[in-house]
Amino acid sequence: MPVRGLDEAPAPLGSLGLEPEVEAILAAQGITSLYPPQAEALPHILAGRNLLLSCPTASGKSLVAYLALLRAVRAGRTGLYLVPLRALGQEKAEELGAFEPLGVRIGLSIGDFDLPAEKLEKLDLLVATSEKADGLLRRGSPWLDRLGCVVVDEVHLLRDPERGPTLEVTITRLRQRHPELQLVALSATVGNAAELGEWLDARRVESEFRPVPLRQGVYHGGRILFSDLSTRALAPPGDAMPRLVRTVIEEGGQALVFVNTRKGSEQAAQLLTGTVRPLLTREERAGAAAAAAELEGLGEEETEGSRRLAELLPHGVAFHNASLTNPERRVVERAFRDRRLKVLAATPTLAAGINLPARRVIVRDTTRYDDRLGMNSPISAGEVQQMCGRAGRPRFDSTGEAVLIARSPEEEERYLDQYLSAPPEEVVSRLAAEPALRMHLLALVASGDVTNEAELERFFAATFYGQTLPMSELVAKVRTVREYLTRHGFLVPTEELRATPFGRLTSDLYLDPVSALLLREAIEKAPLGVSPFSLLAALAQTPDLPPFYLRRGDLPHLLERFAEEQQELLIQPGASDGVTEELELFLAGLKTAESLEQWTDEVPVLELTRALGIGAGDLRSKVEDAQWLLFGLSRIAATFRPALRRTVDELALRVQYGVRTELLDLVRLRGIGRVRGRALYAAGYADRESLRAAPLARVAAALSSTALAETVLRELRPPRPGSARASTGAPSVPPVQDPPAPTKGGRDRRRPSLEEYSDS
DNA sequence: TGGTTGATACTATAGACAGCATGTC
DNA sequence: CTATAGTATCAACCA
């Protein structure tokens, strides 16, 4: 049963004009009535009108969106759900899965989990990141032809300087392509909803409603001062954090602690073990220990994060940040959701990401290091609100508490004013950023949607930027960018706007033109026997592969390597005296290339990450980036340097699996990654062919697992010809993915129970 | 001489999208 | 511009 606000009456479901089948599915999730904002939004949805729904997080916005999408499907159209984060996409796709009994076919299109075109064609609903949707538009995907409804989740992210422009362009393009489209935009509370609603030509529903009421306050000197000026004393003993944590656990709740560094998240977790452990019941202790055991069952190569988590989890405490691997994060998230964990100390990963609320949110830090400034600076009120918004767990908490920790009376007052009473932020367009314009101008032209100056103007006039800001700055930037694209061979130098083949390729590959240019230069220049390192170093000079952070201590070694390899480098740094900022950036690229080189040399993850001072999650994401760029490089090589294409493809595979060349054959086996592949190789099995006749016992010995050996051999020796694949998943053998291919992090595709749906 | 203590300097700092082709209990 | 915690370095000091 959804918990509702105390003073607002829910609207019973029966009278709202929903189809009985839909109502039945909702009822099965325990949804028998709608929250006030949902009820207010529904008539607009059912009338096919555009809608901007701005409410706090977790106030049931998604449900409204789902109903809009269903309506489109019922009318024989398709629906698109745009999300800003992959993890969010998975969450939404799983939730939408509840409607599959209605015959609705749902798919997910995100970077590391995509569908082949034939399957896409059959889908009624697609959940996609805005970049993926942009990609569909660029390629003129026929799936879009029947589009009837688009949901834009977290539309306030239009103000994100990096990815906001993509969202803005995607929305504008979708609307131009489908004038009859129903647009449903979901947003946090924003200062200028009216302006945004006007651009979207949408009715507005704004509300502060929360299913679980939220109290926000500042902790100082043993008590919380709430924004309504009431106070609450917390029983001693203990410093701020332990006390806030202890008291909420004693009342049966959980705590989410937000900190500003990764290290801080680990330390906070460590610090709180002493507070939490004594408060656990025997069952809880067992559950927490089981979570620790899950980490081992992940089948991942050993990581630092896994070790530290394993130490913390039995105490009912964990940390969560981007240095963790995706499967590791999932274990932590699940344990917290199951309430086996009492406290989670997290960096902002969790604030913007998936829905993981707790009764009490503790905001420990209100500043964060800013690289450009070289020091800490205060985080925005919006960001603090976002963290606070995670307080209050439906079904388990009657109210949520968000508490900032102040270190002085002055700070207490400042937090109250600056953060808790701050007006919501305004959404502004960031479209005039040159890197964004480079990509999108090229895409507009390459897709043929814009063929001349007039159409270009019409397009930009239709954007949020065009609707809200003076066009002069944008026009000037567009001119600069157009010149750049023409000068470097992306656009044909004529009056009409037309892309060259290279321009189209760049757009299709979703590359930043600057990257495409560097890659082209590198591959054209490369000798036949070009080394993997040289190719990786070229990738790492590209804006699409941001380098690892450069530490002082890295400098001597990198300068040495630079001197060694200078002749071989395909992209050279600009000439300069001494170690300038520019050279440092270049060296950071070398460091990144070197880490990828070691990955492909089978250096153990644990060793590699320690040497670089990074997390396994960072390595994974860098590997993913590199893999994607190598695919692009391969396509560019196909045009400009066919002789090197195979070299690039081989490197791409090596990067994908993290192996030397000789393991490339073995690693194609299901369940065999870099570690097991090497073990088989060392046992004398150099390829799949040599394994085929191998005795089970020896393979089992090499893999230290009979079950796994059976699976592997079964794949090689299909019992019935032609059904090799079908037979690999015999019920007696659990699927073991180790180590998983880097991009596929072994995500959890289990169908969630209905109970889990009703959580959001 | 060897070891401890303490002042001082140094170091590092959140997050995460994209191509393509495919698959389980 | 509005930082801070952890660690490495080194000199002063003590037994």
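Residues numbered from 1 in each chain as written. Chains lettered and ligands numbered in written order. Predicted model: local features only at pLDDT ≥ 70, side-chain atom pairs only at ≥ 80, totals over all residues. Heavy atoms only, no water.

**A closer look at the overall build of chain A**
What chain A contains, in helices and strands, is 34 helices and 19 strands. For chain A, the C-alpha radius of gyration of 27 Å lies close to 27 Å, the compact-globule estimate for 760 residues. Taken along its principal axes, the extent of the C-alpha atoms in chain A is 75 × 70 × 65 Å. Classification of the 760 residues of chain A by burial places 55% in the buried group. Counted over contacts in chain A with a minimum sequence separation of 6, partners at least 24 positions apart contribute 71%. Within the structure as shown, chain A displays about 32,000 Å² of accessible surface, and the carbon and sulfur contribution to it stands at 52%. Put simply, chain A has 93 plus and 103 minus side-chain charges, and the middle of one group is 4 Å from the middle of the other. (Helix = DSSP H or I, 4+ residues; strand = E, 2+ residues; numbered from the N terminus. Rg over C-alpha atoms; globule rule 2.2 N^0.38 Å. Buried < 20%, exposed > 50% of the residue type's maximum accessible area, 1.4 Å probe, protein only. Contact = heavy atoms within 4.5 Å. Areas by Shrake-Rupley, 256 points an atom, 1.4 Å probe, with all protein chains shown as cover. Lys, Arg positive; Asp, Glu negative; His and termini not counted. Charge placed at Lys NZ, Arg CZ, Asp CG, Glu CD.)

**Structural notes on the sheet that holds strand S5 (residues 106–109)**
Taken together, 7 strands build an open sheet; the order of strands is S5-S6-S4-S7-S8-S3-S9 and the sheet is parallel. In this open sheet, the two edge strands, each paired with only one partner strand, are S5 and strand S9 (203–206). Shown here is a sheet whose adjacent strand axes are inclined to one another by a mean of 15°, direction ignored. Sheet topology note: the strand S4 (residues 78–83)/strand S7 (residues 147–152) ladder contains 5 bridges and is parallel. Bridging across to S7, leucine 80 finds its partner in valine 150. Across the sheet, helix H4 (residues 86–96) is in contact with S4, S5 and strand S6 (125–129); its angle to S6 comes to roughly 165°. (Pairing = 2+ DSSP bridges. Axes fitted to C-alpha atoms, helices over the stretch in contact; angles between N-to-C directions.)

**Quick notes on the state of the cysteines**
Between two cysteines, a covalent bond joining their sulfur atoms is known as a disulfide. Per the counting criterion, the structure on display carries 0 disulfides. The thiol sulfur of cysteine 149 is not disulfide-bonded, and the nearest other cysteine sulfur, from cysteine 55, lies at 17 Å. A disulfide-free cysteine, cysteine 388 has its sulfur positioned 18 Å from the sulfur of cysteine 55, the nearest such atom. The class for cysteine 388 is buried, based on a relative accessible area of 0%. (Disulfide = S-S within 2.5 Å.)

**Quick word on the packing of aromatic side chains**
Inspection of every chain in the model, using the stated rule, returns 9 aromatic pairs. Seen in terms of ring centroids, tyrosine 66 and tyrosine 81 are 6.0 Å apart; in terms of plane orientation they differ by 45°. Their pairing is tilted. Here tyrosine 66 is found in helix H3 (residues 61–74), whereas its partner tyrosine 81 is found in strand S4, with 15 residues between them in sequence. Across this residue pair, the class does not change: tyrosine 66 and tyrosine 81 are buried. Ring geometry for phenylalanine 502 versus phenylalanine 640: centroids 5.5 Å apart, planes at 90°, classification edge-to-face. One end of the pair, phenylalanine 502, is in helix H21 (residues 501–508); the other, phenylalanine 640, is in helix H27 (residues 616–640), and 138 residues separate them in sequence. Owing to a relative accessible area of 23%, phenylalanine 640 belongs among the partly exposed residues under this scheme. Among the aromatic residues, ring-to-ring pairing joins Tyr66, Tyr81 and Phe99 into one connected group. Geometry around tyrosine 484 places arginine 438 over its ring, the cationic atom sitting 5.7 Å from the centre. Over the face of the ring belonging to phenylalanine 533 we find arginine 561, whose NZ or CZ atom lies 3.8 Å from the ring centre. (Phe/Tyr/Trp six-rings, centres within 6.5 Å; stacked < 30°, edge-to-face > 60°. Lys NZ or Arg CZ within 6 Å of the ring centre and 35° of its normal.)

**Observations regarding the protein's contact with DNA strand C**
In the region of DNA strand C, the neighbouring residues are Gln267, Tyr369, Leu373, Gly374, Met375, Asn376, Ser377 and Pro378. In DNA strand C, atoms within 4 Å of the protein come 40% from sugar and phosphate. For DNA strand C, a base oxygen lies 3.3 Å from a polar atom in the backbone of asparagine 376. By residue number, the principal contributor to the surface near DNA strand C is strand S18 (residues 375–378), which donates 4 residues. Split by residue class, the surface near DNA strand C holds 4 nonpolar, 4 polar and no charged. (Near = heavy atom within 4 Å. Polar contact = N/O pair within 3.5 Å; in protein donor to acceptor, adjacent residues only side chain to side chain. Nonpolar A, V, L, I, M, F, W, Y, C, P; charged D, E, K, R; others polar.)

**Description of the pattern of salt bridges**
With the rule as written, the count across this model stands at 51 salt bridges. Here aspartate 512 makes a salt bridge to arginine 438, at a shortest N to O gap of 3.5 Å. Of this pair, aspartate 512 sits in the loop between H21 and helix H22 (513–525) while arginine 438 sits in helix H17 (residues 434–446), and the two are 74 residues apart along the sequence. Per residue, the accessibility class of aspartate 512 equals that of arginine 438, and both read buried. Put simply, Arg232, Glu251, Arg360 and Glu401 are held in one network by salt bridges that share partners. (Salt bridge = Lys/Arg side-chain N within 4 Å of Asp/Glu carboxyl O.)

**Some words on the confidence of the model for chain A**
Regions with low pLDDT should not have their predicted coordinates read in detail. Confidence in the prediction of chain A, expressed as mean pLDDT, is 89, and 93% of residues score 70 or more. Residue range residues 1–7 is modelled with pLDDT below 50. Its contacts to residues more than four positions away, or to other chains, number 14 contacts. Taken together, the stretch residues 722–760 has pLDDT below 50 and engages in 81 contacts with residues farther than four places along the chain or on a different chain. (pLDDT = per-residue confidence, 0-100.)

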